[in-house]
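This is what each chain is made of:
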Amino acid sequence: MTDLYPPADDRELLRQAAAAHTAATREVEAFLRRLPTVPDPADVTEYANLLTREDQTRAERDAAADAAGLTIASLEPNRGQ
């Protein structure tokens, strides 16, 4: 019998992880668009939570990229070398 839902390959998992990261980044942008001139403690907490989610989804995207063979050693320039 054929599996109706074949397992996702590494590229599909990477696409899903990238979409999740994009969504998290858009949530940060939407928050910043509605941010009042003087943020209150709840705004600071919400911002921290949004950044945490964005960081987590970026890490998941990076791990999925590694699994798909898109490993990048570093994006940081070599300073002083």
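Provided above is the structure to which this section pertains.
Throughout what follows, the structure given in this document is the object of discussion. (Residues numbered from 1 in each chain as written. Predicted model: local features only at pLDDT ≥ 70, side-chain atom pairs only at ≥ 80, totals over all residues. Heavy atoms only, no water.)

## Points about the packing of aromatic side chains
Within the structure shown, the criterion is met by 1 aromatic pair. Seen from their ring centres, F31 and Y47 are 5.8 Å apart, and the 20° between their planes marks the pair as stacked. Of this pair, F31 sits in helix 1 (residues 10-34) while Y47 sits in helix 2 (residues 41-67), and the two are 16 residues apart along the sequence. On the basis of relative accessibility, which here comes to 33%, the residue Y47 falls in the partly exposed class. (Phe/Tyr/Trp six-rings, centres within 6.5 Å; stacked < 30°, edge-to-face > 60°. Helix = DSSP H or I, 4+ residues; strand = E, 2+ residues; numbered from the N terminus. Buried < 20%, exposed > 50% of the residue type's maximum accessible area, 1.4 Å probe, protein only.)

## So, the pattern of salt bridges
Taken as a whole and assessed by the stated rule, the structure comprises 7 salt bridges. For E12, the salt bridge is made with R15, and the minimal N-O distance between the two is 3.0 Å. On the criterion of helical spacing, the pair formed by E12 and R15 is a turn pair, its members being 3 residues apart in helix 1. Among the residues examined, E12 registers a relative accessible area of 28% and is labelled partly exposed. For E46, the salt bridge goes to R34, with nearest N and O atoms at 2.5 Å. Here E46, found in helix 2, pairs with R34, found in helix 1; they are 12 residues apart in sequence, far enough to count as distant. (Salt bridge = Lys/Arg side-chain N within 4 Å of Asp/Glu carboxyl O.)

## Describing helix 2
A rise of 1.5 Å per residue sets the reference length of helix 2, with its 27 residues, at 39 Å; its end C-alpha atoms lie 39 Å apart and thus fit the reference within 8%. Close packing links the buried residues of helix 2 with helix 1. Where helix 2 begins, the capping side chain belongs to D40, and its oxygen is found 3.0 Å from the backbone nitrogen of A42. Of the residues flanking the end of helix 2, it is G69, one or two places downstream, whose phi is positive at about 90°. (Expected span 1.5 Å × (residues − 1). Contact = heavy atoms within 4.5 Å. Polar contact = N/O pair within 3.5 Å; in protein donor to acceptor, adjacent residues only side chain to side chain.)

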